[in-house]
Number of protein chains: 4
Amino acid sequence: MAELNTPSKIIKLVNLKFLHTFVPNEHSLGMSKKEKILRTALELIVKQGIQETPMSQISKVSGVAMGTIYHHFKSKNEIVNAIYIFLKQEMGNALLQEKNKSTDYKSMFFQFWSNLFEFYRRNEQAFKFLQTFSQSPLISSEAKNDGLQYYNPIIRFFQEGLQNKNLKPIDLVLLTETIHGNIISLVQIHFQQTITVNEQIIDQAINMSWNSVANKK
Amino acid sequence: MAELNTPSKIIKLVNLKFLHTFVPNEHSLGMSKKEKILRTALELIVKQGIQETPMSQISKVSGVAMGTIYHHFKSKNEIVNAIYIFLKQEMGNALLQEKNKSTDYKSMFFQFWSNLFEFYRRNEQAFKFLQTFSQSPLISSEAKNDGLQYYNPIIRFFQEGLQNKNLKPIDLVLLTETIHGNIISLVQIHFQQTITVNEQIIDQAINMSWNSVANKK
Amino acid sequence: MAELNTPSKIIKLVNLKFLHTFVPNEHSLGMSKKEKILRTALELIVKQGIQETPMSQISKVSGVAMGTIYHHFKSKNEIVNAIYIFLKQEMGNALLQEKNKSTDYKSMFFQFWSNLFEFYRRNEQAFKFLQTFSQSPLISSEAKNDGLQYYNPIIRFFQEGLQNKNLKPIDLVLLTETIHGNIISLVQIHFQQTITVNEQIIDQAINMSWNSVANKK
Amino acid sequence: MAELNTPSKIIKLVNLKFLHTFVPNEHSLGMSKKEKILRTALELIVKQGIQETPMSQISKVSGVAMGTIYHHFKSKNEIVNAIYIFLKQEMGNALLQEKNKSTDYKSMFFQFWSNLFEFYRRNEQAFKFLQTFSQSPLISSEAKNDGLQYYNPIIRFFQEGLQNKNLKPIDLVLLTETIHGNIISLVQIHFQQTITVNEQIIDQAINMSWNSVANKK
DNA sequence: TATGAATGAGCATTCATTCAT
DNA sequence: AATGAATGAATGCTCATTCAT
């Protein structure tokens, strides 16, 4: 871990960005109605589930009238999809943050891994939302396809590793899904609080990932 | 993989068991009402989601009257919990099937891995149900606790591996979650059908898992 | 009051009678199924209301199977009517108990008054049931007509009082309903426990009734 | 009776008031939705009983959609309580109407008696509703407590009568309940139509009440 | 843009009654 | 007589969406 930049700074940026991304009107002092709706919906849906979150509650908690919500979004489903697309973007941004200048493959692997882990850790709602709804039929295939693009940098990174024999010859899809799964596992442990996820645990986890794919020459 | 027994036979047994476990009345030739309800509910819930599966549909599809469903189960929720508990049991049984007589640690690791993977692969509904509802607040904590016990054999197996230095010194929780996550990842690839999961892919996947934890002496 | 027999002895007789009236089979050591059903229904209906007392609960609490209940009674309604008829009979019996040998009109008035009051006081369930369902359309008009006959002795007693100028010239229906209402009022005070209904209060109450109708010559 | 104002005019006022009390929006020409719901519910519940009056029927008969009913009232129960509270208010108003300027105690007694009798007689639905549900556990204790206050003027009037020896020394609770019971009895006779309740009968009834409590000096 | 009252189809659940044993 | 599993119509209530203002 010593050679890695701590991801905390990166995430702070991400979080600040998060705070304002929903705001289309940069002149408004408060949040735009649209942002209020999305924030409230995300919070309530993660806490309660989609079916357990009536539009009336989103209206009440956000302070935006029912009719206004429907002015901005065609349906409840559209809100869910809007949240999904936004969070995927955020995740994509987090992945690329402060990429280590080093061209050392292992360092870059650690950087990616850490970026994604920290993004999820810092954005519990985002993590839970994406975990719950990534597979859901509620999310349109357009939104899903749109979301896939953000993995492209990683996929390219893995392809490069396979070509350069930094990685063992493993099917690209298997490689991607497994490493992503490893990150998810650690995030889940973190939020379940079964054990405290400290630097040592993170270190163990990243190294498990690395050892599962690294081509020891 | 050559040294591993194919798990397909095991799973067939499990499935047969599955067919009859719900049947309390050994004299009945067909399925008991209770079994019909649970099977239908599992099928519909996996396909459509819980909220999208009205009790009236479970009644119609299963051919069991509404009132009869409520004679056997207190609520829709209780049905979901009953399915959860049953599937966890099945999973627990699958884990222990045809345990290789070999005391070679690696072989046993492969056996466990394969058992669980094959169980999920052969029981798509079980997999999707457990993926979707394992985290859900709909499942009572009693049911969840009950479900945890079935992992005990694996946990003991990992503890033993740590003690005997078969495994690298890794936190036990991290170890368990990560390996389980690896299996899940492969199952998901299988069901998404992005690529065809053949013996070679399975072999790569198990070896990724093994390499991530094996203590190369 | 001094010249009146204490009604307690009377009521004890009534109660004993009550205990056995439901028992058609005098050889049975326990209660008959029919009696168990009626007793349980009375208790539950008074406590919870009719709609809040499902047949299934009557079955469970009485220990008599659903089918058996329907063997003895055509419907839930029939149970309610059976209870009504039985309780009216009991009331009728109570009215006539230990009638004072004295032919003094006032004494006899006091006797009637006291008999009815004590019957209600000793049989809370009977009182509440009759109060609630006497007006109810659930009770068939046959049952209601049947119930009316038990007031005949009182009606005759009042007619006699009117003829003999013991009573003021008051419409017979008004007379009967008002005096009965007076008794009901006292019973209600007793069960509401706003005040403790002791001998003095009872005395005041009977005298109010008497003063409202007595022809002071 | 000659010295008493006929209460009919009073009641007409009450009824007019009744017509408009439910209307919160003074600009609406017709009844408010809320009023339509309450009126319809009162009518149907009195005619059929609570359990026999489904919300769907209230919706259909009132011409207000189901959802709208639940927009205004949290539950069926809340509707029942709203009706109860409203009717108790009406009764309270009726009690105080056109109070005779005379300070003659007997006249005032007759006035109160007549006011309450006429209110019930003119408002059959109110009478039946209150008779049926005043004891019911469906009515919240808050509503019941709220309802009690409307009897205060009468209670004070009786206390005064006891102090001034206009009335015999009778327990206040007994006094109140009995006189109220007498009124109820007459109203019931009226609605049962066993006999026609004309001025003469009313006169007899009030005098029975008065004779039962008056202190003949 | 914004509001929130109004809509009504849809759902989980209940319960009187039946019937095979 | 007795049993209790089975039935399914009926009910209270929810909630995504519309629309008049």
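Residues numbered from 1 in each chain as written. Chains lettered and ligands numbered in written order. Predicted model: local features only at pLDDT ≥ 70, side-chain atom pairs only at ≥ 80, totals over all residues. Heavy atoms only, no water.

K.L.:
Please clarify how the overall build of chain A should be interpreted in this entry.
P.N.:
When helices and strands are counted, chain A shows 11 helices and 0 strands. Starting at the N terminus and walking to the C terminus, you meet the elements of chain A as α-α-α-α-α-α-α-α-α-α-α. When burial is assessed residue by residue, chain A has 48% of its 217 residues classed as buried. Expressed as a percentage of contacts within chain A between residues at least 6 apart in sequence, the contacts between residues at least 24 apart total 71%. (Helix = DSSP H or I, 4+ residues; strand = E, 2+ residues; numbered from the N terminus. Buried < 20%, exposed > 50% of the residue type's maximum accessible area, 1.4 Å probe, protein only. Contact = heavy atoms within 4.5 Å.)

K.L.:
Explain helix α10 (residues 172-192) of chain D to me, please; I cannot follow it from the model alone.
P.N.:
Because each turn of an α-helix spans 3.6 residues, side chains separated by three or four positions end up pointing in the same direction. All names here are of chain D. Compared with an ideal rise of 1.5 Å per residue, which puts 21 residues at 30 Å, α10 spans 30 Å between its outermost C-alpha atoms and is within 8% of the ideal. Extensive coverage of α10 is indicated by the burial of 15 of its 21 residues. The backbone nitrogen of V173 has a side-chain oxygen 2.9 Å away, supplied by the residue at the start of α10, namely D171. Immediately downstream of α10, the backbone of Q193 shows phi near 60°, a positive value. (Expected span 1.5 Å × (residues − 1). Polar contact = N/O pair within 3.5 Å; in protein donor to acceptor, adjacent residues only side chain to side chain.)

K.L.:
What is the right way to read the pattern of salt bridges from this model?
P.N.:
Two side chains with opposite charge may pair up if their charged atoms get near one another. Counting across every chain of the model gives 22 salt bridges over all chains. C:K47 serves as the salt-bridge partner of C:E43, at 3.7 Å between the closest nitrogen and oxygen. You can see C:E43 and its partner C:K47 sitting in helix α2 (residues 33-48), 4 residues apart, about one turn around the helix. Take C:E43: its relative accessible area is 33%, and that puts it in the partly exposed class. Overall, C:K47 belongs to the exposed group, its relative accessible area being 59%. The network of salt bridges with common partners includes A:E118, A:R121 and A:R122. (Salt bridge = Lys/Arg side-chain N within 4 Å of Asp/Glu carboxyl O.)

K.L.:
For this particular structure, what's the right way to read the relation of the copies chain B and chain A?
P.N.:
One copy of the chain maps onto the other through a rotation about an axis plus a displacement along that axis. The two copies are related by a screw operation: chain B maps onto chain A through 180° of rotation and 0.0 Å of translation along the axis, at an RMSD of 0.1 Å. Those values place the two copies in the arrangement expected of a two-fold rotation axis. Taking the C-alpha atom as reference, chain B places B:S212 closest to the rotation axis, 2.1 Å from it. The fraction of interface residues of chain B whose copies in chain A are also interface residues reaches 100%, indicating that both copies meet through the same surface. (Least-squares fit on C-alpha atoms with pLDDT ≥ 70 in both.)

K.L.:
Before we go on, may I ask you to explain the interface of chain D and chain C in this structure?
P.N.:
Interface extent is often summarised as the accessible area lost during association of the parts. If you look at the interface, chain D gives 29 residues, while chain C gives 29 residues. With both chains or domains summed, chain D and chain C bury close to 2,400 Å², and 63% of this area falls on carbon and sulfur atoms. Taken together, the links from chain D to chain C amount to 0 salt bridges. Counting across the interface, chain D meets chain C through 6 residue pairs in polar contact (both at pLDDT 80 or more). At the level of elements, α10 and α11 (199-213) of chain D are the ones that each hand at least two residues to the side of chain D that touches chain C. Considering each element in turn, the side of chain D that touches chain C owes the most residues, 13 residues, to α10(D). Of the residues contributing to the side of chain D that touches chain C, the split by class is 13 nonpolar, 12 polar and 4 charged. (Buried area = accessible area lost by both parts, 1.4 Å probe. Nonpolar A, V, L, I, M, F, W, Y, C, P; charged D, E, K, R; others polar.)

K.L.:
Just to check I follow, could you spell out the protein's contact with DNA strand E for this structure?
P.N.:
Near DNA strand E you find 29 residues, and of these B:M66, B:K76, C:M55, C:M66 and D:G67 are the closest. A:T68 is positioned with one of its side-chain polar atoms (N or O) 2.9 Å from a phosphate oxygen of DNA strand E. Partitioned by chemical class, the residues of the surface near DNA strand E number 12 nonpolar, 13 polar and 4 charged. (Near = heavy atom within 4 Å.)

K.L.:
Please clarify how the protein's contact with DNA strand F should be interpreted in this entry.
P.N.:
Taken together, 29 residues lie near DNA strand F, and A:M55, A:M66, B:G67, B:H72 and D:K76 sit nearest. Counting only atoms of DNA strand F within 4 Å of the protein, the sugar-phosphate share comes to 64%. Contact between DNA strand F and C:H72: a phosphate oxygen at 2.9 Å from a side-chain N or O atom of the residue. In this structure, D:K76 approaches DNA strand F through a side-chain N or O atom, which is 2.4 Å from a phosphate oxygen. Listed by contribution, the elements that provide at least two residues to the surface near DNA strand F are α4 (66-72) of chain A, α4 (66-72) of chain B, α4 (66-72) of chain C together with α4 (66-72) of chain D. Residue composition of the surface near DNA strand F, grouped by class: 12 nonpolar, 13 polar and 4 charged.

K.L.:
Would you explain the UniProt feature "DNA-binding region" (unreviewed entry) in chain A in this entry?
P.N.:
Residues annotated by UniProt as "DNA-binding region" (unreviewed entry) correspond here to residues 54-73 of chain A. With 75% helix and 0% strand, residues 54-73 of chain A has end C-alpha atoms that lie 15 Å from one another. (UniProt positions renumbered as here; feature names shortened; annotations may be inferred.)

K.L.:
Before we go on, may I ask you to explain the packing of helix α10 (residues 172-192) of chain C against α11(D) in this structure?
P.N.:
When two helices pack together, their arrangement is given by the angle between their axes and by how far apart the axes lie. Orientation of α10(C) relative to α11(D), taken along the N-to-C sense of each, is 35°, at an axis distance of 11 Å. Once α10(C) is placed against α11(D), the crossing between them reads as right-handed. Mapping the contact onto sequence places C:L174, C:L175, C:T178 and C:I179 in α10(C) and D:I201, D:Q204, D:A205 and D:M208 in α11(D). Considered class by class, the residues forming the contact of α10(C) with α11(D) number 6 nonpolar, 2 polar and no charged. (Axes fitted to C-alpha atoms, helices over the stretch in contact; angles between N-to-C directions. Left-handed = near helix turned anticlockwise from the far one by under 90°.)

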